[in-house]
Amino acid sequence: MSGKKKIRPGRVFLYVFAAGSLIFLLYPYFVMFVSSLKGMDEIFRIPGTILPEKWIWTNYVDIWRDIPLLTYFKNTVIVGFGATALCIVCAIPAGYALARMRFPGKRFVMSAVIVTQMFAAVVLLVGIYKLMVAMHLQNTRTGLILLIAAFNQAFAAWMLSGTFASISKELEEAAMIDGCGRVSAMVRIILPLAAPGIVTAIIFVFINAWNEYTLTLVLIGDTALKTLNVGIHSFFGYTNTEWWYVFAASILATLPILAFFQVLERHLVGGLTAGGVKG
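Residues numbered from 1 in each chain as written. Predicted model: local features only at pLDDT ≥ 70, side-chain atom pairs only at ≥ 80, totals over all residues. Heavy atoms only, no water.

## Quick word on empty space enclosed by the protein
For step 1, the next point in the chain: This structure, assessed with the given rule, holds two cavities of 30 Å³ or more.
For step 2, the next point in the chain: The calculated volume of the largest cavity comes to roughly 40 Å³.
For step 3, the next point in the chain: Forming the walls of the largest cavity are Lys 38, Glu 42, Arg 45, Pro 47, Gly 48 and Thr 49.
For step 4, the next point in the chain: By residue class, the composition of the lining of the largest cavity is one nonpolar, two polar and three charged.
For step 5, the next point in the chain: By volume, the second largest cavity is sized at about 30 Å³.
For step 6, the next point in the chain: Around the second largest cavity sit Thr 76, Val 79, Ile 148, Ala 209, Trp 210, Glu 212, Thr 216, Thr 227 and Asn 229, which together line it.
For step 7, the next point in the chain: When contributions to the lining of the second largest cavity are tallied by element, the ones reaching two or more residues are helix H4 (69–100) and helix H10 (195–210).
For step 8, the next point in the chain: Considered class by class, the residues forming the lining of the second largest cavity number four nonpolar, four polar and one charged. (1 Å grid on protein atoms, 1.4 Å probe; cavity = no way out; pocket = protein on both sides within 12 Å on 5 of 7 lines; lining within 4 Å. Points joined across faces, edges and corners; volume = space filled by probe spheres on them. Nonpolar A, V, L, I, M, F, W, Y, C, P; charged D, E, K, R; others polar. Helix = DSSP H or I, 4+ residues; strand = E, 2+ residues; numbered from the N terminus.)

## Description of the pattern of salt bridges
For step 1, the next point in the chain: Summed over the entire model, instances satisfying the criterion amount to two salt bridges.
For step 2, the next point in the chain: A salt bridge links Glu 53 to Arg 45; the shortest N-O distance between them is 2.9 Å.
For step 3, the next point in the chain: Glu 53 sits in the exposed class, given a relative accessible area of 58%.
For step 4, the next point in the chain: Between Asp 62 and Arg 65 there is a salt bridge, with its nearest N and O atoms 3.2 Å apart. With a gap of three residues between them, Asp 62 and Arg 65 both fall in helix H3 (residues 59–66), about one helical turn apart.
For step 5, the next point in the chain: Residue Asp 62 is classed as buried on the basis of its relative accessible area of 14%.
For step 6, the next point in the chain: Classification of Arg 65 by relative accessible area gives exposed; the value is 60%. (Salt bridge = Lys/Arg side-chain N within 4 Å of Asp/Glu carboxyl O. Buried < 20%, exposed > 50% of the residue type's maximum accessible area, 1.4 Å probe, protein only.)

In short, geometric facts, not functional conclusions.
What follows is the structure, encoded as structure tokens:
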């Protein structure tokens, strides 16, 4: 019997397809990275080249001097983690109620949760701004955190309801027979089992909070309170755009998301599949 494994054409095609897809997805980031190391002459040269003739690594130093990038990072971290924590804390009981409890209008509520995702923030900007002004929350991180958490609430609750529905009710009922109340059973039994789904919701909400631009642009006017996405816009001038700095700042803004995803990545697959089969 031969020790060599037979190479199947299907497997070869799968590897080639995966490699091609990876290159296709990463190519824009590669171009953005190498462009961040160019100067003005190379950026605007026609025809241009993909790789820079002169690698200007000081672009990554200059952006810290030209704009208060550290302040923008701090604000983005505060808003991102604050909105994510608030959203998940509210979404867990909402998702549990949708999955476990029976009440009049439950189908309507589930449908309404999905329908709310059809409305973009830009459609509601006038009303949102007037509400924030009336509550004295415009130009504050608190107001931004509340809005971002609210816009991601429906999606997080819907995702977690599927996770809770996939967990067997018998486990919860057994805990309640042993003396646990509904809340105690949820905290001690259901939440540990729902950890993959909760982590998945955290990842998606955090990415949305980190990348939020429209609400921040409308609500925040103080430079000291701006987040990264709005702060990077400082490199866009009336007559010229410093693309090399835009690309460098964008690369730095992407790194925390990659690090956050890498830390929680092992929980993602389990969370995405949770709810696919009802237990």
